[in-house]
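Here are the chains, one letter per residue:
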Amino acid sequence: MSEFSEDLSVVLAQKRYERISEIIGSTVKKDGGSVRTYTDMLDRVFLNKYLGIPIFLTLLWVMFQFSFTVSEPFVVLVEKLFEFLSHLVEQNVTDPYLTSFISTGVIGGLGSVLVFVPPIFALFLALSILEDSGYMARAAFVMDRFMYRLGLHGRSFIPLMIGFGCNVPAIMAARSLDNEKDRMITILVSPLMSCSARLPVYVLIAGAVFGSAQAGTAIFFIYALGIVLVVLAAQLFRKILFKGEQSPFVLELPTYAMPNAKSALLHMWMRGKMFLKKAGTIIFGTAIIVWFLSVHPWEATAGGQLIAESYIAWMGHALEPVFKPFGWDWMTAVALLFGIVAKEVVVGTYGVLLGVDEGTLGDSLVANGMFTPLTGLAFMAFVLIYVPCFAVLATIVRETNSLRWPAFEVIFQVALAFLVSGLIIGVGRMMGMS
Amino acid sequence: MSDFSIELGKKLGAYALVLGLAHAILGAAVFLGGVEVGTMSFGDLPRVAVLFVIAAVYIMGVGSLGKGRNEGIAFLMAGLLISVAVGGLYLLETGAQYMMYILGETDEFRILESINPATLLLVLALPLLPMMKRVTHGMVW
């Protein structure tokens, strides 16, 4: 009885559709199954057993390539704006402390994150177009067959796709899953989906070490790695933590529609607004803290010029041994530490520590010998996986009504980040890369 | 039993086969032959893989088109949609490269070298639109 009652809603839906089929079978004459609508026609292809997943991967790649390469000129425009503002401050503000605060702290820290507004908004626009066209539901259906074998529920796909924008609404969207075990697995794997907050880090590092021609592909690899880790983690959790049968996947597919420009732009703005709000609050606040720690003690650092004598350098050197085997230095250690607040802060921290213009930040990372293609790729993977940001942890606490699961998530993801980055470095070095 | 004229279906099927083979040959030339074509080169595996996906979509519909079945039109329509998405992306990339040149971030901009051949294949596929519209006249979403 308890097993039947757990799936009652699904059983009722199944019985309802069986009765509908019986009625249709006795009253409707079909003419050999020919397609009648554009939706039927396109579903023959997009839900095809062999073509479904390749088409999905193709459209996913187009989405990321669009977000990175097409937005590049707009990134340059924003960089030039902040460079202009920085020079304006340096020429007109005489007080060195105030100059350092505005130029390095505010413009350097916050500006180095805001330059990534174009690719982030471009990503949100692409996601909105896919959703409004009706294709996203088909992608969930296509992935269900694949995801079912790997321990994930098909309905988890939509929250996970939302995770490409932000993991917070992705975790909240898991409420749509009726089965508690499926819901918990979706909540625990969602942070492995690469959100838009990580995109500035990828764009910066991939652009610097791989060049603009290959950067889009490197970023696609990281997003694909996130999806693979989601699948593996889900299998692991299904086998060890949440044993039991998965509930069947029933989803009503909407008709296809030509995406409306106004609607797509509105959806893009609604999501992008969250990023701008975060930039204006959490990222700005953390950038100021990073600046303060990097210019004090004021005398010892000669007014912020000798960053190696600052409090932040002390913190970085204390953490450096942990990351030295990966070829990362103390600045990277500090960037990762402050990245726990919000992933965009990783870029903002570099902007403050290196004290260069946003346009040359990537070149500066390579020129200072901080990253090679191998260590850069491992770093991008580490940022993908390590510790969810504070907002995600707070959401997990709320959705699970527990502190145990967020703590588990932190330990699991940190361990996984070290393992995966270590594997990348290890395999790369075996192949003769440095 | 056919949904539209088999003669028209055979013409559409032949067109789809040519388009599919063109995409596949281009992908094979870049991947196996190491040829650099426009913005595509051997190392750019995703761009090559995308060509093979489009080729597969076009070619899988050839049989149904030859029998005058709407299912064939479905593959043709889907192939065209994916080509539009991919070709449109490459056009936008060309525009972005030009903007980078205007902003002084690159030293030169050569339009012929920056155009991806997949965009030209999309242009070749566009005459299919009026034919498809005729076949699917009266169909709703």
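Residues numbered from 1 in each chain as written. Chains lettered and ligands numbered in written order. Predicted model: local features only at pLDDT ≥ 70, side-chain atom pairs only at ≥ 80, totals over all residues. Heavy atoms only, no water.

**Q** How should I be thinking about the overall build of chain B in this particular structure?
**A** Scanning chain B from terminus to terminus reveals seven helices and zero strands. Shown N-terminal to C-terminal, the secondary structure of chain B runs as helices and strands in the order α-α-α-α-α-α-α. In chain B, once contacts between residues fewer than 6 apart in sequence are set aside, the share between residues at least 24 apart is 72%. In the form shown here, chain B has an accessible surface area of approximately 7,000 Å², with 68% of it arising from carbon and sulfur atoms. (Helix = DSSP H or I, 4+ residues; strand = E, 2+ residues; numbered from the N terminus. Contact = heavy atoms within 4.5 Å. Areas by Shrake-Rupley, 256 points an atom, 1.4 Å probe, with all protein chains shown as cover.)

**Q** How should I be thinking about the interface of chain A and chain B in this particular structure?
**A** Put simply, an interface is often sized by how much accessible area is lost when its parts join up. With 35 residues of chain A at the interface, the matching set in chain B holds 36 residues. Both faces considered, chain A and chain B share a buried interface measuring about 3,300 Å² in area, 77% of it formed by carbon and sulfur atoms. Contact with chain B buries surface across chain A, with Tyr 38, Met 41 and Trp 61 of chain A losing the most and accounting together for 21% of the total. At the junction of chain A and chain B, the tally comes to two salt bridges. Put simply, chain A and chain B have four residue pairs in polar contact (both at pLDDT 80 or more) between them. Secondary-structure elements contributing two or more residues to the side of chain A that touches chain B are α3 (38-46), α4 (52-70), α5 (72-92) and α12 (199-240) of chain A. For the side of chain A that touches chain B, the leading source of residues is α4 of chain A, giving 10 residues. Class assignment of the residues belonging to the side of chain A that touches chain B gives a composition of 19 nonpolar, 11 polar and five charged. (Buried area = accessible area lost by both parts, 1.4 Å probe. Salt bridge = Lys/Arg side-chain N within 4 Å of Asp/Glu carboxyl O. Polar contact = N/O pair within 3.5 Å; in protein donor to acceptor, adjacent residues only side chain to side chain. Nonpolar A, V, L, I, M, F, W, Y, C, P; charged D, E, K, R; others polar.)

**Q** Quick question: what am I supposed to make of a nonpolar patch on the surface here?
**A** Taken together, Tyr 17, Ile 20, Ile 24 and Val 28 of chain A make up a surface patch of nonpolar side chains, about 360 Å² in accessible area. One can find Ile 20 of chain A in helix α2 (residues 8-27). (Patch = residues over 30% accessible without salt bridge, like charges linked within 9 Å, V, L, I, M, F, W, Y side chains within 5 Å.)

**Q** Help me understand the packing of aromatic side chains, please; the structure alone is not making it clear to me.
**A** For any pair of aromatic rings, geometry is given as the distance between the ring centres together with the angle between the planes. Residues and elements named next belong to chain A. One pass over the full model with this rule turns up 30 aromatic pairs over all chains. Summarising the aromatic geometry, the rings of Trp 291 and Phe 292 are spaced 6.5 Å apart at their centres and angled 65° between planes, so their arrangement reads as edge-to-face. Classification of Trp 291 by relative accessible area gives buried; the value is 3%. These aromatic residues form a ring-pair network of at least three members: Phe 323, Phe 326, Trp 328, Tyr 350, Phe 371, Phe 379, Phe 382, Tyr 386 and Phe 418. Lying over the aromatic face of Tyr 386, Lys 343 brings its terminal NZ or CZ to 4.9 Å of the ring centre. (Phe/Tyr/Trp six-rings, centres within 6.5 Å; stacked < 30°, edge-to-face > 60°. Buried < 20%, exposed > 50% of the residue type's maximum accessible area, 1.4 Å probe, protein only. Lys NZ or Arg CZ within 6 Å of the ring centre and 35° of its normal.)

**Q** Help me understand helix α7 (residues 128-135) of chain B in this model?
**A** A turn of α-helix holds 3.6 residues, and therefore any two residues three or four places apart point the same way. Residue and element names in this part refer to chain B. Listing the buried residues of α7 in full gives Leu 128, Met 132 and Val 135. The arc enclosing the buried residues of α7, seen along the axis, measures out at 60°, which places them on a common side. Of the exposed residues in α7, the ones pointing more than 90 degrees away from its buried face are Pro 130, Lys 133 and Arg 134. Packing partners of the buried residues in α7 comprise α1 (6-31), α4 (70-102) and α6 (117-125). (Arc of directions from axis to C-beta.)

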